[in-house]
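Architecture and fold: a report
These are the residues of each chain, in order.
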Amino acid sequence: MSVLLLFICVYINNLNITISEMNNLTTFFKVFPYNILLFVCLVSGTNGVYSQSAPKEYMTTDIQDLALIYQGGVHRLDWTVDQIQPYVVHQYADGRKDWLFDGFLFLEFKDGKGYGYGSRYDKNDARKTEWLWLLDRIFEEGKSLSALDQCIENQIKEIGKPDFKHKVVIGLPEALPGQKDWGEINGKKMDFSKEEDQIQATYWYIDLLMKRFKKEKYKHLDLAGFYWVSEDVETCKDLTIPLGKYIRSLDKKFYWIPYWQAKGFERWKELGFDIAYQQPNHFFSASVPDKRLEDACMSAHEHNMGMEFEFDEKALYDAKESSYNRLKAYIDYFEKNNVFEESAITYYSGFSGFLDMAKSTNPKDHAIMDRLAKLIIDRRGRYKNLLENKTKVIAHRGFWKTQGSAQNSIAALVKADSIRCYGTEFDVWLASDDKLVLNHDDVYDGHKIETTSSEVLRTLRLSNGETMPMLEAFLDRAKKLKIKLILELKPHSSPERETKAVELILNMVKKKGLTKRVEYISFSRHAIKEFVRLAPSNTPVLYLGQDISPKELFEMKATGADYNYWAYHKNPLWLQELKDLKMISNVWTVNNPQEMLWCIRRGFDLLTTDEPVIFQRLKKK
Ligand code: MG
């Protein structure tokens, strides 16, 4: 029984609800059943694990869905406007059209005439002549880049402008170690047994490519960066490190898609790449079990990589020994492992997978492509939120999970400001002598706050050695800082006491010149009404309980809602309702990185957490 009580106490503590509030058992059991999940999480220690280790997550970049276009060699498609169209827009079975990929990777391994652009791809190593030939192919009028630009132009006329700019990434040929017949740059014969020559030739190619791209003046394309064609580091070793540095100096990114368990894949950051995508290599061989997809997702998560989606012409339902079900497995596993929710994705589709699917006369092919396209199209807004991450962080009871700090202490205020949180949350009570003090629970060290004089309360020690702060001293210290102050007024024993507290708080805040920096939250309906009635107009006032809907809060003239994480799950329309009503959305108390990502993706305005540092780490991606 005592163990159960301990769990319930921990549970209540995390819910930001005091024991006295929970004295109202009706309220407790009203919120209890669906919050039991959180309770179970706490018991199983999930939060504890997350709070101690760095978050594992998929990688995102400014391209959401990057289609691989094999282009250049004489054995490839020309990629005319018509051929590239199914990659630019998706046409559903019912005729509707929408923009599909936001990124296009043009890459080539060999010229189809005996020369390879990476190690072991053909019998001869491509020379300067073949590198220049490839460049001409990339910029050929009416094909590849030029066709893509034209295709976008045509589609804009039909379905209107997309809310993103299409980006292109272009593959770099590898200056192969040991090659001596490549050719000359500025009269100097290149010797690729020397790393400096490998680097010089690659820089030369990058510069030339950028010059050509600029000259073409494509209306709808941005050059996002370059792709490393070799899928392991067997031959190139550390060559990519200086190349990555150079590419970033040009304000471009360096992309890589190593094969499953490729040499060096886990060192992708160290090797100079900005993003690497995990190839599952599942589609191509019936002997690879579906579990590989699960393993690949886990590996990407573990190593902070994006994911590659793979299929080819064999996925057609009517293909000989069709791999249709293997394509379906990718969608299923990517959904199950949150890849569409959280990761940047590349799409390998063989020579012309999407084109073949679009041309297919079998409705099964259209059905599966409709499903995939819908996932890509629907995730666009959420991915944008994830990328932009406009959600601002509030340190719950200050930044207290750090040395020398304590919940609701002045140290926690100063420390939250020092790590640049948007706001610091703290709890306020009215003591028996009408002085305002900071504390979470209604009782501290055996003293009931409401019925104890501030003379006594101000002598009580917090865990960091500070004494219990008076609101006045807290605000005086805050005046020297920049952080927003998120003041929670605790529910008191009577409406009169709450009104008194609201009046005293607003007067003090005004006197200190902090009116524009303080925002108010409470579980008490009455306190919310009083803040709305007495605070200057436009002062943020947010209700914490889940028993009032956004619409009702709007009618009460509250400026927003600060519901708990599970309330938004239970009421999936509430966030959108808040947005539609132009109200502020805050969510508490989100300590787990996956739950933080859930909130960021949905574009919450504010997120309250005991783990502001974990949140900020997510933000730095
Ligand atoms: Mg609080």
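These numbers come from a predicted model, not from an experiment. (Residues numbered from 1 in each chain as written. Predicted model: local features only at pLDDT ≥ 70, side-chain atom pairs only at ≥ 80, totals over all residues. Heavy atoms only, no water.)

1. Regarding the overall build of the chain
Stated precisely, the cut-off is as follows: Helix and strand definitions here come from DSSP, where helices need a minimum of 4 consecutive H or I residues and strands a minimum of 2 consecutive E residues; each element is numbered from the N-terminal end. Residues count as neighbours in contact if any of their non-hydrogen atoms are within 4.5 Å of one another. Asp and Glu are treated as the negative residues and Lys and Arg as the positive ones, with His and the ends of the chain left uncounted. The atom standing in for a charge is NZ when the residue is Lys, CZ when it is Arg, CG when it is Asp and CD when it is Glu.
Within the chain one finds 24 helices and 25 strands. Judged by the C-alpha coordinates and their principal axes, the chain covers about 90 × 55 × 50 Å. Counting only contacts in the chain whose residues sit at least 6 apart along the sequence, the fraction spanning at least 24 positions is 67%. Treating the 87 positive side-chain charges of the chain as one cloud and the 87 negative ones as another, the clouds have centres 4 Å apart.

2. Regarding the nonpolar core
As a reminder, the rule being used: By convention a nonpolar core is built from buried Ala, Val, Leu, Ile, Met, Phe, Trp, Tyr and Cys residues, the set being connected through side-chain atoms within 4.5 Å. Exposure classes here rest on a 1.4 Å probe applied to the protein chains alone. A residue is buried below 20% of its type maximum, exposed above 50%, and partly exposed in between.
By size, the foremost hydrophobic cluster in this structure holds 115 residues, and its most contacted members are Phe104, Leu145 and Phe309. When residues of this core are assigned to their parent elements, the largest contribution, eight residues, is made by helix H14 (residues 363-388). Residues contacting Phe104, with those up to four places away along its chain left out, are Leu66, Ala67, Ile69, Tyr87, Val88, Leu148, His166, Lys167, Val168 and Val169. Grouped together as the second largest cluster of nonpolar side chains are 62 residues, Leu430, Ile483, Met596 and Cys599 included.

3. Focus: the packing of helix H18 (residues 495-511) against helix H19 (residues 525-534)
Defined as follows: Here the axes come from fitting lines to C-alpha atoms, over the contacting stretch only for helices, and the angles between their N-to-C directions go from 0 to 180 degrees. By definition, any crossing whose near helix is turned counterclockwise from its far helix by less than a right angle is left-handed, and any crossing with a clockwise turn is right-handed. Just so you know the grouping, Ala, Val, Leu, Ile, Met, Phe, Trp, Tyr, Cys and Pro go in nonpolar, Asp, Glu, Lys and Arg go in charged, and all remaining residues, Gly too, go in polar.
For the pair H18 and H19, interaxial distance at closest approach is 9 Å and the crossing angle is 40°. In this structure, the crossing between H18 and H19 has a hand that is right-handed. Side by side, H18 and H19 meet where Pro495, Glu498, Thr499, Val502, Glu503, Ile505 and Leu506 of the first sit next to His526, Ala527, Glu530, Phe531, Arg533 and Leu534 of the second. Counted by class, the contact of H18 with H19 contains seven nonpolar, two polar and four charged residues.

4. Describing the pairing of strand E10 (residues 221-228)
Heads up, the rule is: If DSSP finds at least two bridges between two strands, the strands pair. For a crossover, the right-handed case is the one in which the path from the first strand over the helix to the second runs clockwise, viewed with the strands pointing away from the viewer.
In terms of burial, E10 is largely enclosed, as seven of its eight residues are buried. Summarising the sheet, strand E7 (residues 166-172) and E10 pair through seven bridges and their orientation is parallel. Of the residues in E10, the one forming a bridge with Lys167 is Asp222. As paired elements, E10 and strand E11 (residues 253-256) share four bridges and run parallel to each other. Its bridge partner lying in E11, Tyr227 is registered against Tyr255. Crossover E10 to E11 through helix H9 (residues 240-249) is right-handed.

5. Some remarks on the coordination of the magnesium ion
Put simply, the rule reads: Only N, O and S atoms count as donors, using a 2.8 Å cut-off from the metal and 3.2 Å for Na, K and Ca, and because water is excluded some sites may appear unfinished.
Here the magnesium ion is held by the protein donor atoms Glu425 (OE), Asp427 (OD) and Glu488 (OE), which lie 2.0 to 2.1 Å from it. Look at where the donors of the magnesium ion fall in the sequence and you get E-x1-D-x60-E. Highlighted residues: Glu425 in strand E16 (residues 423-430) and Glu488 in strand E20 (residues 484-489), separated in sequence by 63 residues. Classification of Glu425 by relative accessible area gives buried; the value is 2%.

6. Let's talk about the sheet that holds strand E12 (residues 275-278)
With respect to topology, eight strands assemble into a closed barrel ordered E1-E4-E7-E10-E11-E12-E13-E14, the strand pairing being parallel. Taken pair by pair, the neighbouring strands of this sheet meet at an average axis angle of 30°, ignoring direction. Relative to strand E13 (residues 306-310), E12 runs parallel, the two sharing two bridges. Bridge pairing in E13 links Tyr277 to Gly306. Together, E7, E10 and E11 form the strand contacts of H9, whose direction differs from that of E11 by roughly 140°.

7. So, the pattern of salt bridges
Here is the rule we go by: Salt bridges, as used here, are contacts in which a Lys or Arg side-chain nitrogen is within 4 Å of a carboxyl oxygen on Asp or Glu.
If you walk through the whole model with that rule in mind, you get 40 salt bridges. Residues Glu140 and Arg137 are paired through a salt bridge, measuring 3.7 Å at the closest nitrogen-oxygen approach. For Glu140, a relative accessible area of 25% puts it in the partly exposed group. A salt bridge links Lys219 to Glu153; its shortest N-O distance comes to 3.2 Å. Here Glu153 lies in helix H7 (residues 144-159) and Lys219 lies in the loop between helix H8 (195-216) and E10, a separation of 66 residues in the sequence. Using a relative accessible area of 56% as the deciding quantity, one classes Lys219 as exposed. Take Glu153: its relative accessible area is 19%, and that puts it in the buried class. What you see here is one network of salt bridges that share partners, running through Glu341, Glu342, Arg382, Arg601 and Arg602.

8. Some details on unusual backbone geometry
One non-glycine residue, Gln261, lies in positive phi territory at about 65°. Mapped onto the elements of the fold, Gln261 is located in the loop between E11 and E12. With a relative accessible area of 47%, Gln261 lands in the partly exposed category. Positioned with a positive phi, Asn281 is a non-glycine residue whose angle comes to about 50°. As for its placement among the helices and strands, Asn281 is situated in the loop between E12 and helix H10 (291-302).

9. With respect to the environment of Gly560
Tracing the chain through its elements places Gly560 in strand E23 (residues 560-564). Classification of Gly560 as buried rests on a relative accessible area of 0%. Between the C-alpha atom of Gly560 and that of Ser352, which follows or precedes it by 208 residues, the distance is 50 Å.

10. Topic: the side chain of Arg326
Mapped onto the elements of the fold, Arg326 is located in helix H11 (residues 324-336). The side chain of Arg326 is buried and forms no salt bridge, while Asp290, the nearest opposite charge, is found at 4.4 Å. Aside from chain neighbours lying at most four places away, what touches Arg326 is His282, Phe283, Ser285, Ala286, Val288 and Asp290.

11. Remarks on H8
Worth spelling out the cut-off: One fewer than the residue count of a helix, multiplied by 1.5 Å, yields its expected span.
Compared with an ideal rise of 1.5 Å per residue, which puts 22 residues at 32 Å, H8 spans 32 Å between its outermost C-alpha atoms and is within 8% of the ideal. Here H8 has its buried residues at Asp197, Gln198, Ile199, Ala201, Thr202, Trp204, Tyr205, Ile206, Leu209 and Phe213. Once H8 finishes, Lys217 follows within two positions and takes phi at roughly 50°, a positive value.

12. Looking at the pairing of E20
On any regular strand, side chains alternate: one points to one face of the sheet, the next to the other face. In terms of burial, E20 is a largely internal element, five of the six residues being buried. Sheet topology places E16 next to E20; six bridges connect them, and they run parallel. Within E20, the residue paired with Asp427 across the bridge is Glu488. Bridge count between E20 and strand E21 (residues 518-522): five bridges; the pairing is parallel. Opposite Ile486, over in E21, you have Glu519 as the bridge partner. Handedness of the crossover joining E20 and E21 through H18 is recorded here as right-handed.

In short, geometric facts, not functional conclusions.
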